[in-house]
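# Inside the fold
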Amino acid sequence: MPMLLNASDYRSRARQFLPRGLFEYIDRGSEDETALARLRGSLDAITLLPAVLTGRDRCDLDTVLFGRRIAAPLIVAPTALAGLVSHDGETKLARAASRIGIPVCISTQSVTSIEAIRRGAPDALLWFQLYVWRDRALTARLLERASACGCDNLLVTVDTPVSPNREYNERNGFGIPFKPRLRSMIDVALHPGWLFGVLAHYLMGEGVPTYGHYPEAFRTAITRADIAEAVRIEPHLSWDDMRWLREIWPGKLTIKGVLAVDDAERAAGIGADGIVVSVHGGRNLDCLPPPADCIPAIVAAVKGRLTILADSGVRRGTDVLKYLALGAEAVLLGRLPLWGLAAGGEQGAEAVLRMVLREMETGMAFLGAHCVPALRNGRTSEQPN
Ligand SMILES: Cc1cc2nc3c(=O)[nH]c(=O)nc-3n(C[C@H](O)[C@H](O)[C@H](O)COP(=O)(O)O)c2cc1C
């Protein structure tokens with residue numbers, strides 16, 4: 001691999017490898033992309049105050065999360081269609097995360113099914129992300145499959161009631177259903193590494209890549225015209241649905257996409273184990289406040305009753321440290337592992353995760369924080385203590 005030293009290098013490499021439609025689907029935000037800019041601004045505005053002369057010579061990233069010890073307070077976030085970035089991309093992400101010793105969360109909208117991912121990554125700490133389908137019986141069956149595969153944490157995504165406005169997808173013809181256009185065909189032809197290494201690999205094996213979890217009867221090749229009504233994402237979710245999930249799901253239950261304190265309180269009230277304070281990577285509503293602005297009040301309200309995770313906008317190990325210093329207990333990474341996957345398959349995904357770990361360790365050494373809990377007591381410019 002060429003010298004890839006930071007997130008920006010991996011992103012550039014991903015941009016070269018992937019067709020533009022797919023790269024922009026991963027990379028960009030929604031509408032005028034102000035949420036993306038606000039995310040970056042919110043993390044850049046935070047400074048961390050070091051403790052000097054601590055006499056420590058190493059820092060430990062070990063973390064206990066949901067009662068389980070993991071190697072670092074990181075999780076590979078659920079990302080739809082990661083299997084289009086590299087052939088069998090979701091399994092590669094799972095193996096990369098497993099080698100690091102952190103969980104990976106598989107999306108409802110993955111290309112590869114949870115059963116095949118489990119077979120390909122037997123030791124992975126698998127979590128499962130749920131988009132609740134309109135047909136609750138099918139949703140319940142999907143959860144039985146995830147549970148049977150040893151997924152011990154269910155992340156229910158509640159911040160996507162409708163399709164976001166992403167005009168570039170429209171222009172690129174990138175969407176579900178995929179609309180082949182001359183422009184997208186030229187785009188694919190100009191990226192022979194992806195054409196032969198990913199698309200042709202599927203076509204010669206499993207066939208046209210599809211959403212791997214959709215039931216056989218409804219399974220939709222991404223080129224097909226519609227997704228059956230039964231497996232549409234439910235637009236009218238309520239707290240009753242969360243109570244229902246709490247009843248039927250045997251493992252940990254985490255609600256992804258919470259920003260308001262009273263919603264965090266309600267999540268605790270229905271017996272959820274955790275929440276993810278997230279703006280979906282700036283990909284959904286363009287006028288949301290950044291998680292960094294929301295975490296402190298949520299921590300003050302529900303710490304100890306819920307495990308508080310955060311994501312969106314992380315491009316450096318120090319961005320992770322900032323979310324941790326604000327009070328998050330672990331941080332999910334979305335685009336970074338995908339760029340690693342695009343740049344170098346499984347090795348690339350692992351390399352990007354190791355890069356983040358190195359950056360975190362360097363930051364912690366400078367901050368005099370020898371372990372993650374010490375960092376949680378860190379101070380930020382916005383939250384002096
Ligand atoms: C290409 C892509 C697909 C995504 N698909 C899903 C998904 O299927 N379910 C979900 O809950 N979040 C999804 N997300 C959001 C991520 O889980 C995560 O919240 C976000 O990417 C974090 O921001 P970051 O990319 O800046 O790290 C997706 C993000 C990306 C970039």
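A few points on the structure. This structure is a prediction, so every number in the text was calculated from the model and none was measured.

### Some points on the state of the cysteines
If you walk through the whole model with that rule in mind, you get zero disulfides. The thiol sulfur of C294 is not disulfide-bonded, and the nearest other cysteine sulfur, from C287, lies at 12 Å.

### Considerations on the side chain of K92
One can find K92 in helix α4 (residues 89-100). Among buried charged residues, K92 stands out as having no salt bridge; its nearest opposite-charge side chain is E346, 6.4 Å away. Those residues within four positions of K92 in sequence are excluded, and the remaining contacts are S86, H87, L341 and E346.

### Overview of the site of the ligand
The local shell around the ligand holds 23 residues, among which P78, S107, T157, D311 and G313 are the closest. Here D311 contributes a side-chain N or O atom positioned 2.6 Å from an oxygen atom of the ligand. Residue R335 places a main-chain N or O atom 2.9 Å away from an oxygen atom belonging to the ligand. Taken together, the elements giving at least two residues each to the shell around the ligand come down to α2 (20-27) and α14 (335-367). In terms of residue class, the shell around the ligand is built from eight nonpolar, 10 polar and five charged.

### Remarks on unusual backbone geometry
The backbone of D88 sits at a positive phi, close to 60 degrees, despite the residue not being glycine. Its location among the elements puts D88 in the loop between β3 (74-76) and α4. Positive phi, close to 60 degrees, is recorded for H280, a residue that is not glycine. Here H280 shows up in the loop between β8 (274-277) and α12 (291-302). Residue H280 is classed as buried on the basis of its relative accessible area, which comes to 14%.

### Digging into the pairing of strand β9 (residues 307-311)
Judged by how many residues are buried, β9 sits mostly within the fold: five of five residues are covered. What you see with β9 is no split at all: T307, L309 and D311 on one side and I308 and A310 on the other are buried throughout. Tracing the backbone out of β8, into α12 and back to the parallel element β9 gives a crossover that is right-handed. Bridge analysis of β9 against strand β10 (residues 330-333) gives three bridges, and the strand direction is parallel. Among the inter-strand pairings, D311 is bridged to a residue of β10, identified as L332. Crossover handedness for the path β9 to helix α13 (residues 317-326) to β10: right-handed.

### Some thoughts on the pairing of strand β5 (residues 126-130)
Most of β5 is tucked away, with five of its five residues classed as buried. The alternating pattern of β5 places L126, F128 and L130 and W127 and Q129 on opposite faces, both of which are buried. Pairing between strand β4 (residues 104-106) and β5: three bridges, direction parallel. Each residue of the ladder has a partner; that of I106, found in β5, is F128. With helix α5 (residues 114-120) bridging β4 and its parallel neighbour β5, the resulting β-α-β unit is right-handed. A crossover links β5 with its parallel partner strand β6 (residues 153-157), the connecting element being helix α6 (residues 136-148), and its sense is right-handed.

What counts and how
- Residues numbered from 1 in each chain as written.
- Predicted model: local features only at pLDDT ≥ 70, side-chain atom pairs only at ≥ 80, totals over all residues.
- Heavy atoms only, no water.
- Disulfide = S-S within 2.5 Å.
- Helix = DSSP H or I, 4+ residues; strand = E, 2+ residues; numbered from the N terminus.
- Buried < 20%, exposed > 50% of the residue type's maximum accessible area, 1.4 Å probe, protein only.
- Lys, Arg positive; Asp, Glu negative; His and termini not counted.
- Salt bridge = Lys/Arg side-chain N within 4 Å of Asp/Glu carboxyl O.
- Contact = heavy atoms within 4.5 Å.
- Near = heavy atom within 4 Å.
- Polar contact = N/O pair within 3.5 Å; in protein donor to acceptor, adjacent residues only side chain to side chain.
- Nonpolar A, V, L, I, M, F, W, Y, C, P; charged D, E, K, R; others polar.
- Right-handed = clockwise from strand over helix to strand, strands pointing away.
- Pairing = 2+ DSSP bridges.

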